Structures are given as structure tokens and as C-alpha cells.
Amino acid sequence: MDLATRLEQLEELIREAKSMPLSSSVLINREEVLELIAELKEAMPEELKQARWIVKDREELLSKARDEGERIVEQANEEQLRMARKEEIVARAAAEADRVVSEGEERARVMRSEAEDYVDAKLAQFEISIRKIVEASQGSTKALNRTLDQVEVGRERLRGPANAAEAEFARPSSESELFDEEEER
């Protein structure tokens, strides 16, 4: 079954639920509802599941980029301190440390930018999938509303005059009315 069918089943289950006396609350079979929800989760499009992994991967990439950047900066600081201890190469140590820090920050920026671009592309695909699902569910809702309207019309037709007495009341009661109708024609 597809997602729309399962949603219709859930909606039907809720509509057909028994009402609580003197209340707007209803009794619903918990196991049936939980089973339908589990089926809905299984029927979720793969893009939704992939989006969760994409977000998780993005967080891991950003965390790794931050850790790598911090490690590089820390290494640069340690290197700078070690070199600063030697008086004859103090100037060179400062330049090297700055270069390492800049390089680390640049690498971290590039990695972060690439991770954000990747996640943005996947989220765009996810957005398109969600829009398609929303459009499909709106189409199902419109179709259900049309079907409901047709059922109501059919019920009205079936209600018609319920018995012969009502049918008699629906007819003209006297001959003069019959003649009046014929003259009007």
C-alpha cells in the first residue's frame, strides 16, 4: 500500500471511532493506530530516510572540520611556542605559525563550504520530494471530497418520497391544479 492509502485508513479509523457519551472524545483502538503509524513510517519515501542521513553526515563533516581546524591551530600554536624559544628563529617561527594557522583555517573553511554545498543539494532534492508528496496528498484529498459529494447526492436521491402517502402529497391534489398545470404549458 502507498502512503496515501494508509493515511486514508487512519482517517477512516478516526472517523468511525465510537464517541464517548457527553464528550467530543472518541475511543480508538491503540494497537490499530500504532500499527497504521508503523506502516506509514515504513512507507515513507526513501528521500526522507536519506535526508536524515544527510543531516547526520553534515553534522559529522562539520564536527570533523572543526576538530581538524582546532587540531591544526593547536599544532600551529605548539609549533610557534617551540620555535619562539629559539631566539635566532623567532621571526621565522611566527611566520610559519601564521601560515599554518591560515592554512588550517582555509582548509576548515573549504571543508565546511563543501559540506554545506553537499547538504544544500541533498536538502533541495528532499524539498522537491516533499512538494511532490504534498501535491499527491492534496490530489487525494480533492478526490475524496468529490467522492463524498457524490455519495451525498446519491443518498439524497435514495431518500426521495419514502412511502406512497408522501408520493401522494407530492402530486397535485385536485383536478383544477392539473388543468392549471396543463394551461401553463
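Keep in mind that this is a model prediction, so the values were computed, not measured.

Visitor: Describe the pattern of salt bridges, and please don't skip the residues or the numbers.
Guide: If you walk through the whole model with that rule in mind, you get nine salt bridges. A salt bridge links arginine 109 to glutamate 106, with the nearest nitrogen and oxygen atoms 2.4 Å apart. Highlighted residues: arginine 109 and glutamate 106, both in helix H4 (residues 90-159), separated by three residues, approximately one helical turn. Arginine 109 sits in the partly exposed class, given a relative accessible area of 44%. Given the relative accessible area of 37%, glutamate 106 is considered partly exposed.

Visitor: Help me get a handle on the nonpolar core, residues and values and all.
Guide: If you look at soluble globular proteins, the nonpolar side chains tend to sit buried side by side. Judged by nonpolar contacts, Leu10, Leu13, Val33, Leu36 and Leu40 together constitute the single largest core of five residues. Secondary-structure elements contributing two or more residues to this core are helix H1 (3-15) and helix H2 (30-43). By residue number, the principal contributor to this core is H2, which donates three residues. With residues up to four places along the chain from it excluded, the contact list for valine 33 reads Leu10, Leu13 and Ile28.

Visitor: Got a sec to walk through unusual backbone geometry? Specific residues and values, please.
Guide: Even without glycine at this site, leucine 22 takes up a positive phi of about 55°. Its relative accessible area of 94% is what places leucine 22 among the exposed residues.

Visitor: Give me the confidence of the model for the protein: which residues, what numbers.
Guide: On average, residues of the protein score 80 in pLDDT, and 83% of them reach the 70 mark or higher. Mean pLDDT values over the elements of the protein span from 51, in helix H6 (residues 175-184), up to 87, in H4.

Visitor: Tell me about a nonpolar patch on the surface, residues and numbers included.
Guide: Together, Ile14, Val26 and Ile28 make up an exposed nonpolar region whose accessible area comes to about 210 Å². Tracing the sequence through the fold places valine 26 in strand E2 (residues 26-27).

Visitor: How would you sum up H2? Please name residues and give values.
Guide: With 14 residues, H2 extends 20 Å between its outermost C-alpha atoms, agreeing within 8% with the 20 Å of an ideal straight helix rising 1.5 Å per residue. Val33, Leu36 and Leu40 are the residues of H2 that are buried. The buried side chains of H2 occupy one side of the element, clustering within an arc of 65° when seen end-on. The outward face of H2, more than 90 degrees from its buried face, is lined by the exposed residues Arg30, Glu31, Leu34, Glu35, Lys41 and Glu42. Those residues of H2 that are buried lie in contact with H1.

Visitor: Summarise the packing of H1 against H2; cite the residues concerned and give the values.
Guide: The contact between H1 and H2 brings their axes to 9 Å, and the two run at 165°. The orientation of H1 relative to H2 falls into the category roughly antiparallel. Between H1 and H2 the crossing geometry is left-handed. On H2, the residues touching Leu3, Arg6, Leu7, Gln9, Leu10 and Leu13 of H1 are Glu32, Val33, Leu36, Glu39, Leu40 and Ala43. Grouping the amino acids of the contact of H1 with H2 by side-chain chemistry returns eight nonpolar, one polar and three charged.

Visitor: I'd like a description of the side chain of glutamate 68, backed by residues and values.
Guide: With respect to the helices, strands and loops of the structure, glutamate 68 is situated in helix H3 (residues 46-84). Overall, the relative accessible area of 19% leaves glutamate 68 in the buried class. Within polar-contact distance, the side chain of glutamate 68 engages the side chain of arginine 71 at 2.5 Å.

Calculation rules
- Residues numbered from 1 in each chain as written.
- Predicted model: local features only at pLDDT ≥ 70, side-chain atom pairs only at ≥ 80, totals over all residues.
- Heavy atoms only, no water.
- Salt bridge = Lys/Arg side-chain N within 4 Å of Asp/Glu carboxyl O.
- Helix = DSSP H or I, 4+ residues; strand = E, 2+ residues; numbered from the N terminus.
- Buried < 20%, exposed > 50% of the residue type's maximum accessible area, 1.4 Å probe, protein only.
- Core = buried A, V, L, I, M, F, W, Y, C linked by side-chain atoms within 4.5 Å.
- Contact = heavy atoms within 4.5 Å.
- pLDDT = per-residue confidence, 0-100.
- Patch = residues over 30% accessible without salt bridge, like charges linked within 9 Å, V, L, I, M, F, W, Y side chains within 5 Å.
- Areas by Shrake-Rupley, 256 points an atom, 1.4 Å probe, with all protein chains shown as cover.
- Expected span 1.5 Å × (residues − 1).
- Arc of directions from axis to C-beta.
- Axes fitted to C-alpha atoms, helices over the stretch in contact; angles between N-to-C directions.
- Parallel < 35°, antiparallel > 145°, perpendicular 65-115°, else oblique.
- Left-handed = near helix turned anticlockwise from the far one by under 90°.
- Nonpolar A, V, L, I, M, F, W, Y, C, P; charged D, E, K, R; others polar.
- Polar contact = N/O pair within 3.5 Å; in protein donor to acceptor, adjacent residues only side chain to side chain.

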